[in-house]
Protein chains: 2
Amino acid sequence: MPRHQNRGAAGGRRRASHSMESVLTEAVALLDEAGPSALTFRALAQRLGGGVASIYWYVASKDELLDRATDHVIGGVLAEIEAIEPGDDPIYHLRAMSLTLFDAILVRPWLGNYFMRNTDVQGNALRLYEKLGQPTLRLKLTARQRFHAVSAITTVVVGSAVDLGQEPPQEVLDGALGRDEFLGRFAATWRELDADDFPFVHEIVDEFDGHDDIEQFRAALDLTLAGLRLQAGA
Amino acid sequence: MPRHQNRGAAGGRRRASHSMESVLTEAVALLDEAGPSALTFRALAQRLGGGVASIYWYVASKDELLDRATDHVIGGVLAEIEAIEPGDDPIYHLRAMSLTLFDAILVRPWLGNYFMRNTDVQGNALRLYEKLGQPTLRLKLTARQRFHAVSAITTVVVGSAVDLGQEPPQEVLDGALGRDEFLGRFAATWRELDADDFPFVHEIVDEFDGHDDIEQFRAALDLTLAGLRLQAGA
DNA sequence: ATCTCTATCGAACGCTGTTCTATCGTACCT
DNA sequence: AGGTACGATAGAACAGCGTTCGATAGAGAT
């Protein structure tokens, strides 16, 4: 049962020579270029110029591959987040970090499905969680309230990003159908509903039509943060 | 290309006779009994006493099967939610409905991954969305604020439920390892982290250890609702 | 009796994650 | 130098998946 520990130097004539780094980098590249469904062991092996089974020396399963790939890119996000100035207002700091995390997941929706799934493997995710929590130490809260607050925020960030970034139905991916037209089709269906049975849907259909994802997330985040500010009495 | 429209009466001697209803019911039963990985066309066909390809007469793909199965059980949730008394406080009403929806998804985490994914197929989900939105009509908000509020709440509900209910790592499923021991193992790892580098994690590790999922969700929901109440000036 | 349309099904296809077994190549030991 | 242990690679096979194809049974209309 091989478990990590690596360093593979220059390769021979025909045999490929990988490294944990290269495996994760290529895995992420594959995910970025063609979505989660494109990340297969065969595709990854071809990209690395080696055999399928070799990947299993670095990683025990596809789940672990995704866990490690996730933590790999979260490392970059962590750096971004650590570069943010804390400032005076802890809640504003929390907000800035959340927006950065959200942007990262929105671009790579698969992150949301694996982020913080296993903190044993995902060291960077744990550090990011710590970073998100630190501002709450400056607020007048109980330990439990702090725990719940950070959980709530990560849920909003990850939940929103996953929801908004979930793979669109092919037509949109192909570019044959724009996002606005896609929303518009639903909006049109909604508008045809009975006005007495669906008063709310009618009320918001114009807002839904062509709405901005980031604004929608920001609104959700700000509701939570407003509640938190109230709780902290600040 | 066959598309719904059914009614299949009594079966002959060896040929099976299904119906949309029976397909969805058995699909849900399979999901409930052994989790999402147990729902395969072959397993479902065996349960229905028929062939694999027959299912494709009722459903065009596995995605559609899951969409329809989701809406099937959401129908029951909708009935529960419609039975709730509105009461005087719109936000409290919203809260009660959210808790009901959360409970439903917590028991069936796969719901979260498909809920509201396609309102064309998921009529009940749309009706539920409407129900969740109606209380906001009684609040002093703009249409956009209402839209964002309901989006925020569904994100919190679905996000929390999916997060908390995601398939535990087999040992827990087998019953070999209790949930508390599972949490405790992580807690133990966290406690060994450097106290200066991880002040927040140390602060909350006792809260994390053996925490209650529902309480955690309720805290997240209440933060959002507090923010909403503030926004509505009520 | 034949035709048509709904509904069913076995068998096959191409793909997936994973495992088995065999091997290459380097570093170390004598 | 020769032998050996081990880190690392890889081809081939396996079982299972969603999906498609083509054949066909049964009921009702002509």
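Residues numbered from 1 in each chain as written. Chains lettered and ligands numbered in written order. Predicted model: local features only at pLDDT ≥ 70, side-chain atom pairs only at ≥ 80, totals over all residues. Heavy atoms only, no water.

Participant: For the relation of the copies chain A and chain B, give the residues involved together with the corresponding values.
Facilitator: Overlaying chain A on chain B yields an RMSD of 0.0 Å, the required transformation being a rotation through 180° with an accompanying axial translation of 0.0 Å. Considering both components of the superposition, the chain copies are consistent with a two-fold axis. Looking at the interface residues of chain A, 100% of them are also at the interface in chain B, so both copies use one shared face. (Least-squares fit on C-alpha atoms with pLDDT ≥ 70 in both. Contact = heavy atoms within 4.5 Å.)

Participant: Outline the interface of chain A and chain B, listing residues and values.
Facilitator: Many analyses report the size of an interface as the accessible area lost when the parts associate. Counting residues at the interface gives 51 residues for chain A, matched by 51 residues for chain B. When the area that chain A buries against chain B is broken down by residue, the three leading residues are Phe147, Phe200 and Leu223 of chain A, summing to 17%. Along the contact surface separating chain A from chain B lie 6 salt bridges. With a closest N to O distance of 3.1 Å, arginine 144 of chain A and glutamate 215 of chain B form a salt bridge. Linking chain A with chain B are 15 residue pairs in polar contact (both at pLDDT 80 or more). When residues of the side of chain A that touches chain B are assigned to their parent elements, the largest contribution, 13 residues, is made by helix H8 (residues 143-165) of chain A. For the side of chain A that touches chain B, the class distribution of residues is 24 nonpolar, 17 polar and 10 charged. (Buried area = accessible area lost by both parts, 1.4 Å probe. Salt bridge = Lys/Arg side-chain N within 4 Å of Asp/Glu carboxyl O. Polar contact = N/O pair within 3.5 Å; in protein donor to acceptor, adjacent residues only side chain to side chain. Helix = DSSP H or I, 4+ residues; strand = E, 2+ residues; numbered from the N terminus. Nonpolar A, V, L, I, M, F, W, Y, C, P; charged D, E, K, R; others polar.)

Participant: Could you give an account of the protein's contact with DNA strand D, with specific residues and numbers?
Facilitator: In the vicinity of DNA strand D there are 25 residues, among which Ala16, His18 and Trp57 of chain A together with Arg42 and Lys62 of chain B approach most closely. Taking all atoms of DNA strand D within 4 Å of the protein, the share assigned to sugar and phosphate is 57%. Interatomic distance of 3.0 Å between a backbone N/O atom of glycine 51 of chain A and a phosphate oxygen of DNA strand D. Broken down by secondary-structure element, the contributors of at least two residues to the surface near DNA strand D are helix H3 (55-58) of chain A together with helix H2 (41-48) of chain B. The class makeup of the residues in the surface near DNA strand D is 9 nonpolar, 10 polar and 6 charged. (Near = heavy atom within 4 Å.)

Participant: For the protein's contact with DNA strand C, give the residues involved together with the corresponding values.
Facilitator: Close contacts around DNA strand C come from 25 residues, with Arg42 and Lys62 of chain A together with Ala16, His18 and Trp57 of chain B the closest. Of everything in DNA strand C that lies within 4 Å of the protein, sugar and phosphate atoms constitute 54%. For DNA strand C, a phosphate oxygen lies 2.6 Å from a polar atom in the backbone of alanine 16 of chain B. Mapped onto the surface near DNA strand C, the elements with two or more residues apiece are helix H2 (41-48) of chain A together with helix H3 (55-58) of chain B.

Participant: Go over the side chain of glutamate 207 of chain A, please, and point to the residues and values.
Facilitator: Tracing the chain through its elements places glutamate 207 of chain A in helix H11 (residues 199-208). Residue glutamate 207 of chain A is classed as buried on the basis of its relative accessible area, which comes to 19%. When sequence neighbours within four positions are dropped, the list of residues in contact with glutamate 207 of chain A reads Ala143, Arg144 and Phe147 of chain B. (Buried < 20%, exposed > 50% of the residue type's maximum accessible area, 1.4 Å probe, protein only.)

Participant: Explain the packing of helix H5 (residues 90-107) of chain B against helix H12 (residues 213-232) of chain B residue by residue, including any values.
Facilitator: Packed helices, taken two at a time, are described by the angle their axes make and the gap between the axes. Residues and elements named next belong to chain B. Contact pair H5 / H12: the axes reach a minimum separation of 11 Å and the direction vectors enclose 150°. For the element pair H5 / H12, the angle class is roughly antiparallel. Considering how the two elements wind past one another, H5 and H12 form a crossing that is right-handed. Residues Ile91, Leu94, Arg95, Ser98, Leu99, Phe102 and Leu106 of H5 form the contact with H12, whose own contacting residues are Ile214, Phe217, Arg218, Leu221, Asp222, Leu225, Leu228 and Arg229. Grouping the constituent residues of the contact of H5 with H12 by class yields 10 nonpolar, 1 polar and 4 charged. (Axes fitted to C-alpha atoms, helices over the stretch in contact; angles between N-to-C directions. Parallel < 35°, antiparallel > 145°, perpendicular 65-115°, else oblique. Left-handed = near helix turned anticlockwise from the far one by under 90°.)

Participant: Outline the nonpolar core, supporting the account with residue identities and numerical values.
Facilitator: As a rule of thumb, nonpolar side chains are buried together in soluble globular proteins. Core analysis: the biggest nonpolar cluster contains 142 residues, and Leu228 of chain A together with Leu228 of chain B have the highest contact counts within it. Contact partners of leucine 228 of chain B, with chain neighbours within four places excluded, come to Leu223 of chain A together with Ile91, Leu94, Leu139, Leu141, Ala149 and Ile153 of chain B. (Core = buried A, V, L, I, M, F, W, Y, C linked by side-chain atoms within 4.5 Å.)

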